[in-house]
Amino acid sequence: MSEKLELHQNIFKLKKEKNAIILSHNYQIEEVQLAADFLGDSLELSRKAAGLSQAMIVFAGVKFMAETAKILAPEKKVLLPRLDAGCPMADMITVDELREMKSRHPGAMVVTYVNSSVEIKAESDVCCTSANAVHVVENLPAKEIIFIPDQNLGSYVQKLVPAKKVILFEGFCYVHHRIKKEEIGAMRARYPRARVIVHPEVRPEVREVADEVLSTSGMLNYVKNSPAHEFIVATEQGLLQRMKRENPSKEFFPAGAPKICSNMKRTTLMDIYDSLQEEKYVIEMDPAISKRAGQALREMLKYG
Ligand code: 13P
Ligand code: SF4
């Protein structure tokens, strides 16, 4: 038996023994995606975590995602296989900076992208993901919205919800923010029949040259249902692997060189095994902060 197969079988055995489930984000390495019981975008993973029957969740993703699962399912043991899998954007805003923004805009409601710390969520009115940010802001009972931490997702929301004033913070994702519109132009010239789909974390000028702006699961649905056969996909490379697997007759090209989130790529199959075996690393948070963050997350889930 190959080593990989043996590892898969041992993971399967441990999952049964410990009544555990593996949740994975679309950006994980392919062998981890394939070992997961559920693969999805941030919104799908949050919803899944909130309604599970298993006692233990192994979260193959980054820290804010595992924290979100723990907040929404506090009675479960939530494990993050790699402690060093963080999201740099989530650490870009401090509580003091947010409080300062709030004091400058006392009538505004705070909408916080889930790519944020638990402390920031706790200071927010509602959370959002890339899949529901527009819908959340559209339906909030406030004319002024403080949108943190991603400036690009925030400016996309502002464009689609012009009736509201969206106050931005200067956070960004180092993977998406570095994609250039020239890269899209060069790929379009090479593949003129391809549809260009981009994640809302890209810069506004990149968004402007795209055919569609979509969350990772929005992209998956789009390529599945589109009559087109070629797609230029401006997001992290892990998603392109899933697209190819699920749509073998279609072609997927990155926007220039493949875009890699090194944090998402840290978790290996061996880390998943160790995590299950040794029950590490347990996600724990201050209960009072976690309770307040939970209010903002549950508020988001009400928006459908
Ligand atoms: P999605 O919610 O679209 O999967 O995005 C999460 C993320 O981290 C994007 O960089
Ligand atoms: Fe964070 Fe960007 Fe990585 Fe997503 S792709 S986890 S936003 S650094």
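Because the structure is a prediction, the values reported are computed rather than measured.

Draft legend 1. The packing of aromatic side chains, seen in detail. All chains considered together, the criterion is met by three aromatic pairs. Considering the side-chain rings of Tyr222 and Phe231, the 6.3 Å spacing of their centres and the 85 degrees angle between planes classify their relative orientation as edge-to-face. The class for Phe231 is buried, based on a relative accessible area of 0%. When the ring of Phe231 is compared with that of Phe252, the centres are 5.5 Å apart and the planes differ by 15 degrees; the resulting orientation is stacked. Residue Phe231 is found in strand β11 (residues 230-234), and its partner Phe252 is found in strand β12 (residues 251-254); the two are separated by 21 residues along the sequence. Here the two residues Phe231 and Phe252 agree in accessibility, since each one is buried. Counting every residue linked through ring pairs, the aromatic cluster contains Tyr222, Phe231 and Phe252.

Draft legend 2. View of the site of ligand 1. Taken together, His25, Tyr27, Asp41, Ser42, Asn115, Ser130, His176, His199, Glu201, Ser215 and Thr216 make up the full set of residues adjacent to ligand 1. For ligand 1, an oxygen atom lies 2.7 Å from a polar atom in the side chain of His25. One of the side-chain nitrogen or oxygen atoms of Thr216 is found 2.6 Å away from an oxygen atom of ligand 1. Compared with its free state, where it exposes 300 Å², ligand 1 has 96% of that area covered by protein. Among the residues making up the shell around ligand 1, the classes are represented as one nonpolar, eight polar and two charged.

Draft legend 3. Looking closely at the nonpolar core. Counting 84 residues, the largest nonpolar core has Val111, Phe147, Val198 and Met243 as the members making the most contacts within it. Sorting elements by how many residues they give to this core places helix α4 (residues 63-72) first, with six residues. Among the nonpolar cores identified, the runner-up in size contains 17 residues, and Ala20, Ile29, Val58 and Tyr273 belong to it.

Draft legend 4. Up close: the pattern of salt bridges. Applying the stated criterion across every chain, the model contains 26 salt bridges. Across the salt bridge formed by Asp84 and Arg266, the nearest N and O atoms sit 4.0 Å from each other. Of this pair, Asp84 sits in the loop between β4 (77-79) and α5 (95-104) while Arg266 sits in the loop between β12 and α13 (269-278), and the two are 182 residues apart along the sequence. Ionic contacts of the salt-bridge type, sharing partners, join the residues Arg82, Asp84, Arg266 and Asp271 into one network.

Draft legend 5. Just the environment of Ala234, in detail. Tracing the backbone through its elements, the reader meets Ala234 in strand β11. Ala234 gets classed as buried once you look at its relative accessible area, which sits at 1%. Remark: the alpha-carbon pair of Ala234 and Lys180, spanning 54 residues in sequence, is separated by 9.7 Å.

Draft legend 6. Local environment of unusual backbone geometry. A cis geometry characterises the amide bond from Ile148 onward to Pro149, with omega recorded as -15 degrees. Structurally, the position occupied by Pro149 is in the loop between β7 (144-148) and α8 (151-160). Backbone geometry places Glu279, a non-glycine residue, at a positive phi of 50 degrees. If you trace the backbone, Glu279 turns up in the loop between α13 and α14 (287-302).

Draft legend 7. A look at the sheet that holds β7. Reading across the sheet, the four strands line up as β6-β5-β7-β8 and stay open at both edges, with parallel pairing between neighbours. Here the strands that pair on one side only, and so sit at the sheet edges, are β6 (126-128) and β8 (165-168). Shown here is a sheet whose adjacent strand axes are inclined to one another by a mean of 30 degrees, direction ignored. With four bridges joining them, strand β5 (residues 109-113) and β7 adopt parallel strand pairing. The residue bridging Val110 from the neighbouring strand is Ile146, located in β7. Strands β5, β7 and β8 of the sheet are contacted by α5, whose axis makes an angle of about 170 degrees with β7.

Rules used in this analysis
Residues numbered from 1 in each chain as written. Chains lettered and ligands numbered in written order. Predicted model: local features only at pLDDT ≥ 70, side-chain atom pairs only at ≥ 80, totals over all residues. Heavy atoms only, no water. Phe/Tyr/Trp six-rings, centres within 6.5 Å; stacked < 30°, edge-to-face > 60°. Buried < 20%, exposed > 50% of the residue type's maximum accessible area, 1.4 Å probe, protein only. Helix = DSSP H or I, 4+ residues; strand = E, 2+ residues; numbered from the N terminus. Near = heavy atom within 4 Å. Polar contact = N/O pair within 3.5 Å; in protein donor to acceptor, adjacent residues only side chain to side chain. Areas by Shrake-Rupley, 256 points an atom, 1.4 Å probe, with all protein chains shown as cover. Nonpolar A, V, L, I, M, F, W, Y, C, P; charged D, E, K, R; others polar. Core = buried A, V, L, I, M, F, W, Y, C linked by side-chain atoms within 4.5 Å. Salt bridge = Lys/Arg side-chain N within 4 Å of Asp/Glu carboxyl O. Pairing = 2+ DSSP bridges. Axes fitted to C-alpha atoms, helices over the stretch in contact; angles between N-to-C directions. Contact = heavy atoms within 4.5 Å.

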